[in-house]
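Chain by chain, the residues:
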Amino acid sequence: MFNKKTIEDIKVQGKRVLVRCDFNVPLKDGVITDENRLNGALPTIKYLIENGAKVILCSHLGKPKGEAKPELSLQPVAKRLSEMLGKEVVFACDDNVVGENAKEAVSKMENGDVILLQNTRYRKEETKNEESFSKELASLAEIFVNDAFGTAHRAHCSTVGAGEFLEERACGYLIQKELKFLGEAVANPVRPFTAILGGAKVSDKIAVINELLEKVDNLIIGGGMAYTFLKAQGYEIGTSLVEEDKVEYAKEMMEKAKAKGVKLLLPIDNAVATEFKDVERIVTEDANIPEGHMGLDIGPKTINEYVETVKNSKTIVWNGPMGVFEFKNFAEGTLAVAKAMAELTDATTVIGGGDSAAAVNQLGFGDKMTHVSTGGGASLEFLEGKELPGIVALDNK
Ligand code: AMP
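Residues numbered from 1 in each chain as written. Predicted model: local features only at pLDDT ≥ 70, side-chain atom pairs only at ≥ 80, totals over all residues. Heavy atoms only, no water.

Caption draft 1: Spotlight on the sheet that holds strand β5 (residues 89-92). Overall, parallel pairing links the six strands, which are arranged β5-β6-β4-β1-β7-β8 in an open sheet. Because the sheet does not close on itself, it has two edges, and the strands there are β5 and β8 (168-171). Across this sheet, the average inter-strand angle for adjacent strands is 25°, counted without regard to direction. As judged from the four bridges shared by β5 and strand β6 (residues 114-117), these two strands associate in the parallel manner. Counted as the bridge partner of A92 is L117 from β6. Sitting on the sheet, helix α2 (residues 75-85) is in contact with β4 (54-58), β5 and β6, with an inclination near 170° to β5. (Pairing = 2+ DSSP bridges. Helix = DSSP H or I, 4+ residues; strand = E, 2+ residues; numbered from the N terminus. Axes fitted to C-alpha atoms, helices over the stretch in contact; angles between N-to-C directions. Contact = heavy atoms within 4.5 Å.)

So this is what it looks like as structure tokens:
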């Protein structure tokens, strides 16, 4: 999966290049509220413009479920991209994505021109990777470039199918960067290698816990998923989030960690409340949580222990917050871990997308990390050791 052709390996001059980007940006009243994904797409687009390609961009936005929903039009993206690139990005506004507007705009393209197609998920065939729509997309271009890491774990027409009907398939700079940092961190980590997992549920992270136990020296667990583990250890967990049907699995994972010589770190104290609200932070003596209380963050002793482990690591991969960081009173654990990672100068620090990426960016630590992944689900599947269809489908070098 790592030896894929990049845009620099193919001749793009004068070629029509279909580029799958991740323009799934948050919108409020037609205004883009977070431009990270647009910024992430720029290096590939600029390279293609500078090297004389005819650049045909496509992406999904939200979940229109096969219907043309005006509020999920990519028009605001075309407008903002035009400003960012300092040149017009022609918006082909066809509700059927590959319609008269798109065909006409493509026929008039000069080298270095850029077009953006309408939201690919306006078509119901898109998420089913149906050949008919893949062929329509492919009919516009000669070369396929995938630069949408956020959807690389999905086999859709615009991520996989269309490429099959084109001459060459390469990755853009964003996917290349994701493969380099996520890939190297997991395949060749400088040790000690520590993984930090948090977030709401054990069930979302089953495969990743199992896989990481094969690779890491330390596995730190926090967030809502920690309480299923604490229950498995025999602690009282009050009204904390728990998945009863995963208690046995948690026990198995604790045994696996022991057998593999992996240090599994679980909370030794907690910050709790009587209700799921941003109320006063009550700290427990030990891992036990009193009746009628729920764990909403890791406690101070746990924070110390986790931060020490982070400081002594050379490679760290983090996915999922340590507590309900959206509540000011329960953001301390997530903040402390983010800060400890950000302060490391001779370690590789990788944030595996989703909520932890949002938290790290929100806290202003994004540019202090070696890499903040742009794909939540995709980076998790990558860490699970799965092959991502959007990457497998690209040509090998
Ligand atoms: P995930 O998408 O699985 O990474 O989960 C992220 C969500 O987990 C965030 O919205 C957090 O608020 C939530 N979360 C973290 N810790 C807890 C906790 N102790 N109890 C309930 N939810 C939590």
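Caption draft 2: Molecular detail of the packing of helix α4 (residues 131-139) against helix α5 (residues 157-164). For the pair α4 and α5, interaxial distance at closest approach is 8 Å and the crossing angle is 70°. The angle between α4 and α5 falls in the class roughly perpendicular. Of the residues in α5, those touching α4 at F133, S134, L137 and A138 are C157, S158, G161 and A162. Residue composition of the contact of α4 with α5, grouped by class: five nonpolar, three polar and no charged. (Parallel < 35°, antiparallel > 145°, perpendicular 65-115°, else oblique. Nonpolar A, V, L, I, M, F, W, Y, C, P; charged D, E, K, R; others polar.)

Caption draft 3: Broad picture of the packing of aromatic side chains. Going through the model one piece at a time under the given rule, you end up with two aromatic pairs. Taking 5.7 Å as the distance between ring centres and 90° as the angle between the ring planes, the aromatic pair formed by Y47 and Y173 counts as edge-to-face. Placement of Y47 in helix α1 (residues 36-50) and of Y173 in helix α6 (residues 173-187) is noted, with a sequence separation of 126 residues between them. Owing to a relative accessible area of 18%, Y47 belongs among the buried residues under this scheme. The ring of F181 carries K180 above its face, with NZ or CZ at 5.2 Å from the centroid. (Phe/Tyr/Trp six-rings, centres within 6.5 Å; stacked < 30°, edge-to-face > 60°. Buried < 20%, exposed > 50% of the residue type's maximum accessible area, 1.4 Å probe, protein only. Lys NZ or Arg CZ within 6 Å of the ring centre and 35° of its normal.)

Caption draft 4: View of the site of the ligand. With respect to spatial proximity, 16 residues lie near the ligand, and among them A200, G224, G295, E326 and D355 are the closest. At 3.0 Å, a backbone N or O of G295 approaches a nitrogen atom of the ligand. Summarising the interface, the protein chains cover 81% of the accessible area of the ligand, which totals 500 Å² for the free molecule. Taking a 2 Å distance to the grid points as the criterion, the majority of the atoms of the ligand fall inside the second largest pocket. Partitioned by chemical class, the residues of the shell around the ligand number seven nonpolar, six polar and three charged. (Near = heavy atom within 4 Å. Polar contact = N/O pair within 3.5 Å; in protein donor to acceptor, adjacent residues only side chain to side chain. Areas by Shrake-Rupley, 256 points an atom, 1.4 Å probe, with all protein chains shown as cover. 1 Å grid on protein atoms, 1.4 Å probe; cavity = no way out; pocket = protein on both sides within 12 Å on 5 of 7 lines; lining within 4 Å. Sits in = over half its atoms within 2 Å of the grid points.)

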